[in-house]
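# Overview (structure and organization)
One letter stands for each residue in the lines below.
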Amino acid sequence: MNQLAVELTRQAGAHPAISVENLDVVFGAGGKGVTALAGVNVTIPTGGLVTMLGPSGCGKSTLLRALADLVPAAAGEISIFGRSPRLAREARDFAFVFQDATLLPWRSAIDNVRLPLEVGGGAPKHADPAELLDLVGLKGREKALPEELSGGMRQRVAIARALVTRPRILLMDEPFGALDEITRDKLNEELLRIWQETGTTIVFVTHSIPEAVFLGQKVLVLAANPGRVREYVPVELPFPRRLKVRDTLEFVQITAHLRQLLEEC
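About the criteria used
- Residues numbered from 1 in each chain as written.
- Predicted model: local features only at pLDDT ≥ 70, side-chain atom pairs only at ≥ 80, totals over all residues.
- Heavy atoms only, no water.
- pLDDT = per-residue confidence, 0-100.
- Contact = heavy atoms within 4.5 Å.
- Core = buried A, V, L, I, M, F, W, Y, C linked by side-chain atoms within 4.5 Å.
- Buried < 20%, exposed > 50% of the residue type's maximum accessible area, 1.4 Å probe, protein only.
- Helix = DSSP H or I, 4+ residues; strand = E, 2+ residues; numbered from the N terminus.
- Lys, Arg positive; Asp, Glu negative; His and termini not counted.
- Salt bridge = Lys/Arg side-chain N within 4 Å of Asp/Glu carboxyl O.
- Pairing = 2+ DSSP bridges.
- Axes fitted to C-alpha atoms, helices over the stretch in contact; angles between N-to-C directions.
- Expected span 1.5 Å × (residues − 1).
- Polar contact = N/O pair within 3.5 Å; in protein donor to acceptor, adjacent residues only side chain to side chain.

So, about the confidence of the model for the protein. Averaged over all residues, the pLDDT of the protein equals 91, while 92% of them reach at least 70. Taken together, the stretch residues 8–12 has pLDDT below 50 and engages in 13 contacts with residues farther than four places along the chain or on a different chain.

See the structure below:
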C-alpha cells in the first residue's frame, strides 16, 4: 500500500466510507412525482470496491448522484465517512469517471489531469499528475493530445484526472461501456491494480455481469419501478484477480446467480 492509500485510510477513521439508510429519491412534486429510488440500504467499507447492476431505469446513476449530493433525498439518510454528502462534496471527497472521458481536446494528457487543480479553488492536497499518468500506464504520453490517444488511453487519462485531487471515493458510471472487449478487459485489470495501490473506495456502475463480478468485492443489484435493492451479493474470489478467474466454477456460479436476479427484476 503506497502513501496515498495510507493517507486515505488514516483520514477515514472508524466510519464506513458510505452508509445509506432507507433512501428515497423522488423527481417532480406532488402527485406527479416519480420515485426513482425507494428504501435503499447499503454500506460500503473504506477502501471497498462495489459494483452496481440493474436494468435500465432502475436508478443506478441516480444513486451515484445522491451519494455525491447532486440530487436531493426525499427521505432517509446518507453518511459519507460519518458526515453529510454536502460536507463531503465541499471537501472534494468525490470524483466521477463517466462513459465519455470528456477531455479538453486542446489540452495535453498531463494538462487534462491538472485541470481539477485549476478550477474550484484547487485542492489543498493533491497527487502529482505525472505520477498518476505513470500509475495508469501512460508514462511517455504526457504531451499527447486526446486525438492522439485511443479510447482506452483517454479513459486512463480520465481516471488519472479523477485521482489528482486525492478523492476518498471514486464514482464510476459505466466508464468502459463504449470500449471494445479486449480494451475493456485490460482496463478492468488496470483498475484493480490502481484500486489496490491507492486504497480509494470505488463504486462502479456497469451493465456487464462478468465485469461486475470480476471487479467487485460485492455486487449491488437494483430492481426497477421503483429503484430498490434486490440483493447485495458478495464475491468471494481472491485478489489480485486475473482474467483467467472468469473460467473458474465459482465465477460462473456467481454470474449465473446475478443473471437470474436480473431476469427477475
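To continue, consider the nonpolar core. Core analysis: the biggest nonpolar cluster contains 50 residues, and Leu133 and Leu258 have the highest contact counts within it. A total of six residues in this core trace back to one element, the largest contributor, which is helix 6 (residues 151–163). By size, the runner-up hydrophobic cluster in this structure holds 31 residues, among which are Val20, Met52, Leu222 and Ala224.

A word on the side chain of Thr255. Here Thr255 lies in helix 9 (residues 249–264). Look past the residues within four positions of Thr255 in its chain and what remains in contact with it is Ile209, Pro210 and Val213.

Here we take up the side chain of Glu142. By the element assignment, Glu142 lies in the loop between helix 5 (129–135) and helix 6. Buried charge without a salt bridge: Glu142, with Lys139 as the nearest opposite-charge side chain at an N-O distance of 5.2 Å. Beyond its immediate sequence surroundings of up to four residues, Glu142 is in contact with Ser108, Ala109, Ile110 and Leu133.

Turning to the sheet that holds strand 3 (residues 49–53), a few remarks are in order. The mixed open sheet is built from six strands, whose spatial order is 5-6-7-3-8-9. Looking at strand neighbours, the two that pair on one side only are strand 5 (94–98) and strand 9 (228–234), the edges of this open sheet. Strand after strand, the sheet turns through a mean of 20° between neighbouring axes, direction not considered. Here strand 3 pairs with strand 7 (residues 201–205) via four bridges, running parallel. Residue Val50 lies in a different strand from strand 7, and its bridge partner there is Val203. On the sheet, helix 6 packs against strand 5 and strand 6 (169–173) and is oriented at approximately 170° with respect to strand 5.

What follows is about the pattern of salt bridges. Counting across every chain of the model gives 13 salt bridges. Its salt-bridge partner being Asp173, residue Arg65 comes within 3.4 Å of it at the nearest N-O pair. Placement of Arg65 in helix 2 (residues 60–67) and of Asp173 in strand 6 is noted, with a sequence separation of 108 residues between them. Residue classification places Arg65 among the partly exposed positions, given a relative accessible area of 25%. With relative accessibility at 9%, the residue Asp173 sits in the buried group. Here Arg184 and Glu211 are joined by a salt bridge, their closest N and O atoms 2.8 Å apart.

The subject of this paragraph is helix 4 (residues 109–118). Along an α-helix, a turn takes 3.6 residues, which lines up residues three or four apart on a common side. Turning to helix 4, its buried residues number three or more, namely Ala109, Ile110, Asn112, Val113 and Pro116. Next to the buried residues of helix 4 lie helix 5 and helix 6.

Quick look at the sheet that holds strand 4 (residues 75–80) now. Hydrogen bonds between backbone atoms are what pair the strands of a sheet, whose relative direction is either parallel or antiparallel. The three strands lie next to each other as 2-1-4, forming an open sheet whose pairing is antiparallel. Every interior strand has two partners, whereas the edge strands, strand 2 (34–44) and strand 4, have only one. Across the sheet, the axes of successive neighbouring strands diverge by a mean angle of 25°, strand direction being ignored. As paired strands, strand 1 (residues 18–27) and strand 2 are joined by seven bridges and run antiparallel to one another. For Ser19, the partnering residue across the bridge sits in strand 2 and is Thr43. Taken strand by strand, helix 2 contacts strand 1, strand 2 and strand 4, and its axis lies near 115° from that of strand 1.

What follows concerns the environment of Leu53. Mapped onto the elements, Leu53 comes out in strand 3. Beyond its immediate chain neighbours, meaning those up to four positions away, Leu53 contacts Lys60, Thr206, His207, Ser208, Ile209, Ala212, Val219, Leu220, Val221, Leu222, Leu258 and Leu262.

Below, the discussion takes up helix 7 (residues 181–198). Taking 1.5 Å as the rise per residue, helix 7 with 18 residues should run 26 Å; its terminal C-alpha atoms sit 25 Å apart, in good agreement. Taken as a whole, helix 7 has its buried residues at Arg184, Asp185, Leu187, Asn188, Leu191, Leu192, Ile194, Trp195 and Thr198. Two or three places before Ile182, at the start of helix 7, stands the capping residue Asp180, its side-chain oxygen 3.1 Å from that residue's backbone nitrogen. Where helix 7 terminates, the next one or two residues include Gly199, which has phi positive at roughly 75°.

What follows covers the pairing of strand 9. Of the pairings in the sheet, the one linking strand 8 (residues 218–223) to strand 9 comprises six bridges and is antiparallel in character. Pairing of Leu222 across the sheet is with Val229, part of strand 9.

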